[in-house]
Amino acid sequence: MNFVGAHIISVDQFDRAAADRVFEVADKMQPYAMRNRITRVLQGAILSNMFFEPSTRTRVSFGSAFNLLGGEVRETTEAKSSSLAKGESLYDTARVLSGYSDVIVMRHPDAGSVAKFAEASRVPVINGGDGPNEHPSQALLDLYTMRTEIAAQGQSIDGLSIALIGDLRYGRAVHSLCKLLCLYDNIRLHLISPQELALPGDIVALLKIAGHEVRQYTDMAEGIGGVDILYVTRTQEERFPSQQEADRYRGLFRLNQAIYTQNCAPNTVIMHPLPRDSRAQAQELDDDLNQNPNLAIFRQTDNGMLIRMALFALVLDVVDQVDNFAQPVTWFTDKRHG
Amino acid sequence: MNFVGAHIISVDQFDRAAADRVFEVADKMQPYAMRNRITRVLQGAILSNMFFEPSTRTRVSFGSAFNLLGGEVRETTEAKSSSLAKGESLYDTARVLSGYSDVIVMRHPDAGSVAKFAEASRVPVINGGDGPNEHPSQALLDLYTMRTEIAAQGQSIDGLSIALIGDLRYGRAVHSLCKLLCLYDNIRLHLISPQELALPGDIVALLKIAGHEVRQYTDMAEGIGGVDILYVTRTQEERFPSQQEADRYRGLFRLNQAIYTQNCAPNTVIMHPLPRDSRAQAQELDDDLNQNPNLAIFRQTDNGMLIRMALFALVLDVVDQVDNFAQPVTWFTDKRHG
Amino acid sequence: MNFVGAHIISVDQFDRAAADRVFEVADKMQPYAMRNRITRVLQGAILSNMFFEPSTRTRVSFGSAFNLLGGEVRETTEAKSSSLAKGESLYDTARVLSGYSDVIVMRHPDAGSVAKFAEASRVPVINGGDGPNEHPSQALLDLYTMRTEIAAQGQSIDGLSIALIGDLRYGRAVHSLCKLLCLYDNIRLHLISPQELALPGDIVALLKIAGHEVRQYTDMAEGIGGVDILYVTRTQEERFPSQQEADRYRGLFRLNQAIYTQNCAPNTVIMHPLPRDSRAQAQELDDDLNQNPNLAIFRQTDNGMLIRMALFALVLDVVDQVDNFAQPVTWFTDKRHG
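Residues numbered from 1 in each chain as written. Chains lettered and ligands numbered in written order. Predicted model: local features only at pLDDT ≥ 70, side-chain atom pairs only at ≥ 80, totals over all residues. Heavy atoms only, no water.

Remarks on the environment of B:Asp167
Residue and element names in this part refer to chain B. For Asp 167, the position within the fold is in the loop between strand S6 (161-165) and helix H7 (172-181). Given a relative accessible area of 2%, Asp 167 falls into the buried group. Each C-alpha atom, one on Asp 167 and one on Phe 253, is 9.7 Å from the other, the two residues being 86 residues apart in sequence. The contacts of Asp 167, once residues within four sequence positions are left out, are Leu 197, Thr 233, Arg 234, Thr 235, Gln 236 and Phe 240. Looking at Asp 167, its side chain comes within polar contact range of the main-chain nitrogen of Arg 169, at 3.2 Å. (Helix = DSSP H or I, 4+ residues; strand = E, 2+ residues; numbered from the N terminus. Buried < 20%, exposed > 50% of the residue type's maximum accessible area, 1.4 Å probe, protein only. Contact = heavy atoms within 4.5 Å. Polar contact = N/O pair within 3.5 Å; in protein donor to acceptor, adjacent residues only side chain to side chain.)

Here's the deal with the domain arrangement of chain A
Residues and elements named next belong to chain A. The assigned domain composition of chain A is domain 1 (11-135 + 304-337) and domain 2 (137-298). The distance between the C-alpha centroids of domain 1 and domain 2 comes to 26 Å. Each partner contributes residues to the interface: domain 1 has 26 residues there, and domain 2 has 19 residues. Around 2100 Å² of area is buried between domain 1 and domain 2 when both sides are counted, 57% of it from carbon and sulfur atoms. Per-residue buried area on domain 1 facing domain 2 is highest for Arg 16, Phe 23 and His 135; these three make up 33% of the total on that side. (Domains from an automatic or database assignment. Buried area = accessible area lost by both parts, 1.4 Å probe.)

Examining the sheet that holds strand S10 (residues 269-271) of chain B
Residues and elements named next belong to chain B. The strand order S8-S7-S6-S9-S10 describes an open sheet built from five strands, whose pairing is parallel. On the outer flanks of this sheet lie strand S8 (213-217) and S10, each paired with one strand and no other. Averaged over all pairs of adjacent strands, the angle between their axes in this sheet comes to 20°, without regard to strand direction. (Pairing = 2+ DSSP bridges. Axes fitted to C-alpha atoms, helices over the stretch in contact; angles between N-to-C directions.)

Focus: the packing of aromatic side chains
The geometry of an aromatic ring pair is captured by the separation of the ring centres together with the interplanar angle, meaning the angle of the planes. This model, assessed by the stated rule, comprises 15 aromatic pairs over all chains. With 5.6 Å between their ring centres and 45° between their planes, A:Phe23 and A:Tyr144 make a pair best called tilted. Of this pair, A:Phe23 sits in helix H1 (residues 16-33) while A:Tyr144 sits in helix H6 (residues 136-151), and the two are 121 residues apart along the sequence. Residue A:Tyr144 is classed as buried on the basis of its relative accessible area of 2%. Where B:Phe66 meets B:Phe312, the ring centres are 4.9 Å apart and the plane angle is 75°; that geometry is what we call edge-to-face. With B:Phe66 in helix H2 (residues 57-68) and B:Phe312 in helix H12 (residues 297-315), the pair connects residues that are 246 residues apart, well separated along the chain. Given a relative accessible area of 0%, B:Phe66 falls into the buried group. On the accessibility criterion, B:Phe312 (0% relative accessible area) is buried. Aromatic ring contacts, followed pair by pair, group A:Phe62, A:Phe66 and A:Phe312 into a single cluster. (Phe/Tyr/Trp six-rings, centres within 6.5 Å; stacked < 30°, edge-to-face > 60°.)

A short note on the interface of chain C and chain B
Taken together, the 37 residues of chain C in the interface contact 43 residues of chain B. Interface of chain C and chain B: buried area, both sides summed, is about 3600 Å²; carbon and sulfur atoms make up 47% of it. For the interface between chain C and chain B, the tally reads five salt bridges. With a shortest N-O distance of 2.7 Å, C:Arg35 and B:Asp102 are connected by a salt bridge. For the pair chain C and chain B, the number of links is 15 residue pairs in polar contact (both at pLDDT 80 or more). Secondary structure elements with two or more residues in the side of chain C that touches chain B: helix H2 (57-68), strand S3 (72-76), helix H12 (297-315) and helix H13 (334-337) of chain C. The element contributing the most residues to the side of chain C that touches chain B is H2(C), with eight residues. By residue class, the composition of the side of chain C that touches chain B is eleven nonpolar, twelve polar and 14 charged. (Salt bridge = Lys/Arg side-chain N within 4 Å of Asp/Glu carboxyl O. Nonpolar A, V, L, I, M, F, W, Y, C, P; charged D, E, K, R; others polar.)

In C-alpha cells, the structure reads:
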C-alpha cells in the first residue's frame, strides 16, 4: 500500500506491512504527543474536520493530532451540511471542500458515503466513521494498543489470545478490529456475547480462513479465562431497531475487579473502545477497575492521537521531516507525566 | 476606495478601480492557494468568523483563506448568538467581539444587520451575507471568475455577453453581480427566468443606465444562444413565501450537455454560485456536464479563496508583505494539481 | 497559591497575593492584547475549549486569549457531549480529553461538575462557568477593572465604595465578586435590589466578617449616591423558576444619563458583567450612557482577555517567557486604537 496521497477509507486497504508501517510511524509520534517536544512540520496545512454526526472524542482527537503536527483545523459539526440540505451531491461537496483544505476527515451517518465523497476529492480523505460501516482509525489504534501493551510482556500480536465481550453484532469497532487481526498469525479469539448479539457469520468466517481459533461463549466468566486481552464493548444502543430491544441487553455482561481476579491471569490487559456506559444499569466495565494497572482504556485513547498523527504524516508524506521541524516545549507538562 | 481598515459590506462600495484592485491582489494569492508555497504574514492575527445562519461553504472558505495567510480563526456557528438572545444589541455585541479579534466576518439572517454591527466594531468587518440583502465576496468571486475564464479566451469583461438563468428575483448573488457589472462597459445580458421570478426592475434599470443591453427570455434554449457565459442559479427555496410556491419553479430550467451542445458555442463558460440542487426534481445544472471543460463551477469556488484572501490582505494592509513571509510547502500536494 | 499546573475552579482558591499576582500578569499582557506586538510563547500548545452550555462571549474570549499567546484551540460547543449522552462519566471524559490537550476550559450547566471533571484531568482545567455556581475569570476581570479604572483616579481597591445594582440573588458574577472583595480592606457596599432579589445572607455575612460596611437599598437613586463604582447587573431570567416570575423584575432599575448626572459624582465608574438587556422593557443600563467616558463596560470585556491570558500563562508557567517570544505586528491595527 502506498500511503502518499491515499484515502484511508477501510481496514480492507491494509495488509500486514501497511499496518506495521502505521504502528512504526505512531511510535515515532510518541515524544510529540507526550509534549517532550513540538513539531511544526505541517505549518500552513489545513485539515477540514467534517463531522455530520455528533462526536466529541474522535473529532477532537483528529483535530488535536493535526495541531500537534503544526497544522490548522477548520471544523464542521452540523448534523447535516447546509449545502447537502439544499440538494447538493456528495460529489459537489467534495469538489468544493477539497479546494479549501489539504486533507479531510469525514464522519457521516450513511455507510459508503465517505468512500463516495473521497472519489471526488482533490485531497486525501480519512474516514472518521461512516455509520455502521467502517472506522479504520479506531481499529488501528485498538490493534496498536494490543501490540504495545503485550510488547511490555514480551509478546507480539502473533499468537495472542483475545476475548471480545459484549455487543459483537452492532459494534463496528469490533468488526474492523477482527479484519485487521486476520493479517496476523495464530490468534485465539473468545467471542462472548448473547446469542442474538453474536459476531456476524461472515466475520467469523474471515477469522477462520486466516487460520485463527474461534470459540464462542454466552457465559462471560467462562470465556475470559486464559486470554491475554479482554476487549469489552458497550451495547451500541443507537444502532438497535428500538430502545426496548437495546434495553434487554444492557448490563448483561459486567466486568469488575472481583470477576477479573477470580477468572483472569494477573496481567490480563483490559481494553474498551470507549465511551463506556457508567450508568448504574449498564457498567460493562466497573469503575472499581480504575486503579487496576492493566486497565489500558486511557492509554488506548492516548494511542488514538499517535495513530491519527501517523495517518496524517503518511498520507501527506512528511514522516521523514517531522523531526526536522522539532522545537522545545515551553510550558509546564509534568501533570501529564506525573 | 481606501481598503485599509475598511468594512466590506456592500458591492455598492466598489468602483471599477476598487474591483480591479481586488482582482489584482487575488491573482497574487494564487501560489499560496495552490500550495506552491505558504505565507505566515498574518501569524498572530485572529479572525472572528461569526455565522448566525447555517453555512458550510462560505464559512469554511473564509476561515481557510485566513489560515492560508497564517492567521488563527475563532468561530461562532450558533443560529442565534446566546447574548443576542438575552437582549443584547448589535452595538454591544460588536463592541465586545471586536475586542477579541483583528477582523470579523459576519453572516446574519437580517438585511442591514452586518452594516449596523460594523458601525460599532473596532476592527474591519466583512459581510458574509445578510439575509436577502448582500453577499459581496460572492459577487466579487463571480466577476473574478468571468474575468479569468474569459481572459483565457483573449477577452475582457468589457464587451462580454452573459445569460443569467433561473431564479433572478430572490437570488442575492445575481443582484450583487449585476451591480458590479455596471462598473464595466458594453455588456449584453440575457435574463432567463419565469416571469414571476424576473430580475427586479430597479436592477434592470441600473444595468440600462450603465449602458448595457438587456434582453429578457422565458425560454432557456432561446436565451442561451450566442453568449459567452451562462450563469445558472438555484431556486432560492428558503426565500419563498411558501414551499408550494417554490415547488412550482423547481426543475423549470435544466441545462444539460445535449441542450448546451445544441444551443451554445463550444467554449461557452458555465457558472453557478453553488450549491446546485442535484435532486431528481431539480437539476438546474445536470451532472452530465461534469466532464465539460467549460464547466467552471469548481474553479469558481476555488476563486472564492483567492478573493477572500485578497479582501483580508487589503483591509489588514498586508498585501505588500505576503511574499516576505513566504515559506516552502513540506507536504504532498500533487493530488490537487493532478 | 501555586499557579503552576493548578486548576482554576473557584474564587475561594484565591488569597490577596494570588489575586494581585493575576492582575500583575494581566498588566503584562496589555501590549499583546492591544496588538502592539504578538507572542508565540504557547506555539504548539492546545486548548480544549469545552462549552456544554451556550456562550459566545466567554467562549470566544478564552479561545482568543489562547491564540494571542500563540496556541491552538480545539472547541466543543454541543449542548451535551455525545459521549456523556451515551452514559460516560465525567471521570472518563476528563481522562480521555486531557490526553488531547494541554489545558482545558470547561463550561457546564451543573454546579460542581467542573471541579469533578478537574479531579480526573491530566492537564490544568479552568472553570468557564458551572451553572449557578462559579465563574472565577469573570469575578477576576471585574475586580481587575475596578482596580484599573480607580487607579486612574489615584485610588486602590482598599477603601473603595461600590454599589451593586439589580438581581443580586441569582447573579453568579456578583456572588463571586463579593467573595474576592473580602480579600481587600475597608470597602463600603451599597446593595440595591428588590427585596426578593437581595444578595444571599451568607454572602452578606462574609462581607461583614471581612470588615466591610454593607448597606441595603430598594431605591436606586438613593443607593447610587456617593459611591466610586456602579456595578449594574441584568436580571438572570434563565435562573428564575418561571418567566412570569422573571418578568416582574424586568426594567425595575434603569440607570440612564439623567439619573447618573443627578445622583452621582462626575467620575463615578459604571460597570456591567454583560450582556446588558437593551430591549425596551429592560434597559437596566440605557444606551444614552454610551458616550459617557465613565462607562467602563467595554474596557471591562477587553480586560477579560488580559485576565484569561494571565490565567493561561500562570497555570502553564510561561509568564517569564512571554516577552522572549515576542514578534512585531504586521497588520493594520489603528482602528482599534483610534
